[in-house]
Amino acid sequence: MEDKAIVALYWQRNQEAIRVTQGKYGAYLSKIAWQILYDREEGEECVNDTYLKAWNSMPIQRPTVLSTYLGKIVRGCAIDRFRHRHRQKRQASEYALSLEELAECLSDGDATQEAVDLHLLGEAIDTYLRTLPPPARRAFVARYYYMDPIRAVAVDQGLGLSQAKSLLHRTRLGLREHLRREGFSV
């Protein structure tokens, strides 16, 4: 079923929308939650929460790309659960590892003290990503948005593990330089 038809079911408040969404995007959403949480039960809860949030938000929103809309919801839910679960301890999940890798691009200072406008930062990162060749962009998004393991990024891009690490490292360095030029302290 086309995404527009699924969104129309949500707008009609037809419960079939959730069943169709689960059939079409369930595995995709579970993968995102797994990459962040590494816990099947919590991941399933996040996916179910995603269906509920989509159900409650559809009368207001009419997403053009349903997979991206649902992916953003499940990702936010999984990150919230991860933070709640690991407030004081760090776990070597792909989420934690990818954040550590990106830390070199961001400031060491207190974000509130520096008053970093997250919207502007997001726009600056988006602008940088548009300058990248498609393979580097896909690798960056897979690693730092979907939290895919580096090994999976390498396989998806047809690279060796060291090549993927090098590509991601160069991309992070480029992002760091771009953010500097845009006025972000890094």
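A few points on the structure. (Residues numbered from 1 in each chain as written. Predicted model: local features only at pLDDT ≥ 70, side-chain atom pairs only at ≥ 80, totals over all residues. Heavy atoms only, no water.)

For the rest of this paragraph, the subject is the pattern of salt bridges. The final tally for this structure, using the stated rule, is eight salt bridges. Two residues, Lys31 and Asp148, come together in a salt bridge whose shortest N-O distance is 3.3 Å. Remark: Asp148 occurs in the loop between helix H8 (134–144) and helix H9 (150–157) and Lys31 occurs in helix H2 (residues 16–37); sequence separation between them is 117 residues. (Salt bridge = Lys/Arg side-chain N within 4 Å of Asp/Glu carboxyl O. Helix = DSSP H or I, 4+ residues; strand = E, 2+ residues; numbered from the N terminus.)

Moving on: the packing of H8 against helix H10 (residues 161–181). Following both chains from N to C, one finds H8 and H10 inclined at 90 degrees, their axes separated by 10 Å at the closest point. Considered as vectors, H8 and H10 are oriented roughly perpendicular to each other. Of the residues in H10, those in contact with Pro135, Ala136, Ala139, Phe140, Arg143 and Tyr144 of H8 are Leu167, Leu168, Thr171, Arg172 and Leu175. For the contact of H8 with H10, the per-class residue count stands at eight nonpolar, one polar and two charged. (Axes fitted to C-alpha atoms, helices over the stretch in contact; angles between N-to-C directions. Parallel < 35°, antiparallel > 145°, perpendicular 65-115°, else oblique. Contact = heavy atoms within 4.5 Å. Nonpolar A, V, L, I, M, F, W, Y, C, P; charged D, E, K, R; others polar.)

Structurally, Ser67 is set in helix H4 (residues 66–85). What makes Ser67 buried here is its relative accessible area of 19%. Every residue in contact with Ser67, bar those within four places of it in the chain, is listed here: Asp3, Tyr25 and Tyr28. (Buried < 20%, exposed > 50% of the residue type's maximum accessible area, 1.4 Å probe, protein only.)

A few words on the packing of aromatic side chains. A full pass over the atoms with the stated rule returns six aromatic pairs. Centre to centre, the rings of Tyr25 and Tyr28 are 6.4 Å apart; their planes meet at 65 degrees, and the pair counts as edge-to-face. Separated by three residues within a single helix, Tyr25 and Tyr28 lie in helix H2, roughly one turn from each other. Here the aromatic residues Tyr25, Tyr28, Tyr145 and Tyr146 are joined through ring pairs into a cluster of three or more. Here Arg62 stacks its cationic end above the ring of Trp11, 3.9 Å away from the centre of that ring. (Phe/Tyr/Trp six-rings, centres within 6.5 Å; stacked < 30°, edge-to-face > 60°. Lys NZ or Arg CZ within 6 Å of the ring centre and 35° of its normal.)

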